[in-house]
Amino acid sequence: MKDYILMTDSCCDLPAVMAEELALRVLPLSVMQEGKEYHNFLDHRELPPGEFYQKLREGKLGTTSAANAEAFKTAMEEVLQEGKDILCISFSSALSTTYQSAVIAAKELSETHPDSKIIVIDSLCASLGQGLLIYLAGKEKAKGKSIDEVADFVRETIPHLCHWFTVDDLHHLKRGGRVSAAAALFGTMLQMKPVLHVDDEGRLIPVSKVRGRKASIKALLDKMEELAVDTETVFISHGDCAEEVEEMAAAIRERFAPKELVINYVGPVIGNHSGPGTIALFFLGKHR
């Protein structure tokens, strides 16, 4: 069986050490903040999360850029030159053009490397939802599964990868067009916190609003209670609110007893839109 690698982009928000253990090839997206471009490497070498979120709190908002086709082409060419095939799992196409860039690069390279296989899958996921999908794919690969078997596993898993999250400040969602200016203003005045998820098409969808931070976090746990079919592996990402996340993690450990619970920052590309105080919970469920 021909060897292959897993490729993705930095919106997976995996801890750098996990990406290294999985031997991932990760293309960085980028964020422009205060006139300077920072690549979103998983080890945060260019922009530490605490520094990024502090700038957001100070009102220093950024703009983000997807990985382009040329970047994918360069990264894929390197792998093909090593004699390996590629399974590329990308950030949701509903939230970024990254998937389209990977598809363009794969198509061009397939013409010049007809004996190589490049499979590109739209994860329809974001942040550690994408990370969890890739992590599970890596575990399947480690079992000796072929590239086609792992690709099938990924496609079958996507509809069951639940993303449930809340944000602390509605104004960041207002900037992204997710809530109206009036809703953001009155919601903030009333301490309303939205509960959102990523749907079957990879889109960010507001589901409900609850009053107060503790209630919004409880709503995430209740969704996990309602939907989860596998609580062995649970991922949480956050917008620089580690103390609240540790409290939530303790509740998850007590309530669901996962074998593995991974916590990491929401990276700057997604965090620029969700803002400080975001808490996102990812697990496998009956459906999204």
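Note that the coordinates shown come from a computational prediction; the quantities given were computed from them, not determined experimentally.

Conventions adopted
Residues numbered from 1 in each chain as written. Predicted model: local features only at pLDDT ≥ 70, side-chain atom pairs only at ≥ 80, totals over all residues. Heavy atoms only, no water. Buried < 20%, exposed > 50% of the residue type's maximum accessible area, 1.4 Å probe, protein only. Helix = DSSP H or I, 4+ residues; strand = E, 2+ residues; numbered from the N terminus. Pairing = 2+ DSSP bridges. Core = buried A, V, L, I, M, F, W, Y, C linked by side-chain atoms within 4.5 Å. Contact = heavy atoms within 4.5 Å. Axes fitted to C-alpha atoms, helices over the stretch in contact; angles between N-to-C directions. Left-handed = near helix turned anticlockwise from the far one by under 90°. Nonpolar A, V, L, I, M, F, W, Y, C, P; charged D, E, K, R; others polar. 1 Å grid on protein atoms, 1.4 Å probe; cavity = no way out; pocket = protein on both sides within 12 Å on 5 of 7 lines; lining within 4 Å. Points joined across faces, edges and corners; volume = space filled by probe spheres on them.

**Things to note about the pairing of strand 6 (residues 85-90)**
Counted residue by residue, strand 6 has six buried out of six residues, so it is predominantly covered. Side chains Asp 85, Leu 87 and Ile 89 of strand 6 all project onto a buried face; the interleaved residues Ile 86, Cys 88 and Ser 90 project onto the opposite face, where all are buried too. In terms of strand pairing, strand 1 (residues 4-9) meets strand 6 through four bridges, oriented parallel. Of the residues in strand 6, the one forming a bridge with Met 7 is Cys 88.

**Quick word on the nonpolar core**
If you look at the biggest cluster of nonpolar residues, it comprises 38 residues, and the most contacted ones within it are Leu 14, Leu 87, Val 154 and Phe 235. The element best represented in this core is helix 5 (residues 128-142), accounting for seven residues. Once residues lying within four places of it in the same chain are set aside, the contact partners of Val 154 are Ile 89, Ile 121, Leu 133 and Ala 137. Counting residues in each nonpolar core, the second largest holds 30 residues, with Met 7, Leu 47, Met 76 and Ile 86 among its members.

**A few points about the packing of helix 5 against helix 6 (residues 147-157)**
Two numbers describe how helix 5 lies on helix 6: the axes approach to 10 Å, and their chain directions differ by 145°. Taken as a pair, helix 5 and helix 6 cross one another with a handedness that is right-handed. Of the residues in helix 6, those in contact with Leu 133, Leu 136, Ala 137, Glu 140 and Lys 141 of helix 5 are Val 150, Phe 153, Val 154 and Thr 157. Each residue belonging to the contact of helix 5 with helix 6 can be placed in one class, and the counts come to six nonpolar, one polar and two charged.

**Quick look at the packing of helix 9 (residues 213-227) against helix 10 (residues 242-256)**
Contact geometry for helix 9 and helix 10: axes closest at 11 Å, N-to-C directions at 35°. Here helix 9 runs over helix 10; the crossing is right-handed. Along its contact with helix 9, which presents Arg 213, Lys 214, Ile 217, Leu 220, Leu 221, Asp 222, Met 224 and Glu 225, the element helix 10 presents Glu 244, Glu 247, Met 248, Ala 251, Ile 252, Arg 255 and Phe 256.

**A look at the layout of surface pockets**
Within this model, the second largest pocket holds a volume of roughly 200 Å³. Together, Ser 10, Ala 16, Ala 19, Leu 24, Val 26, Pro 28, Asn 40, Phe 41, Leu 42, Asp 43 and Arg 45 line the second largest pocket. Class assignment for the residues of the lining of the second largest pocket results in seven nonpolar, two polar and two charged.

**Here we look at the sheet that holds strand 4 (residues 36-39)**
Strands sit in the order 4-3-5 across an open sheet of three strands; the sheet is antiparallel. Each of the sheet's edge strands pairs with one partner strand only, and the pair in question is strand 4 and strand 5 (63-65). When the angles between neighbouring strand axes are averaged without regard to direction, this sheet yields 25°. The sheet contact formed by strand 3 (residues 30-33) and strand 4 spans four bridges and is antiparallel. Across the sheet, Gln 33 pairs through a bridge with Lys 36, a residue of strand 4.

**Side note on empty space enclosed by the protein**
Over the atoms rolls a probe the size of a water molecule, and in doing so it shows where empty space is left. Throughout the structure, instances matching the rule amount to two cavities of 30 Å³ or more. Taken as a whole, the largest cavity spans an internal volume of roughly 40 Å³. Every residue lining the largest cavity is listed: Asp 13, Leu 14, Asn 40, Phe 41, Leu 42, His 44, Asn 264, Tyr 265 and Gly 267. Split into classes, the residues belonging to the lining of the largest cavity amount to four nonpolar, four polar and one charged. Approximately 30 Å³ is the volume found for the second largest cavity. Surrounding the second largest cavity, His 39, Asn 40, Phe 41, His 44, Arg 45, Glu 46, Leu 47 and Pro 268 form its lining. A per-class count over the lining of the second largest cavity returns three nonpolar, three polar and two charged.

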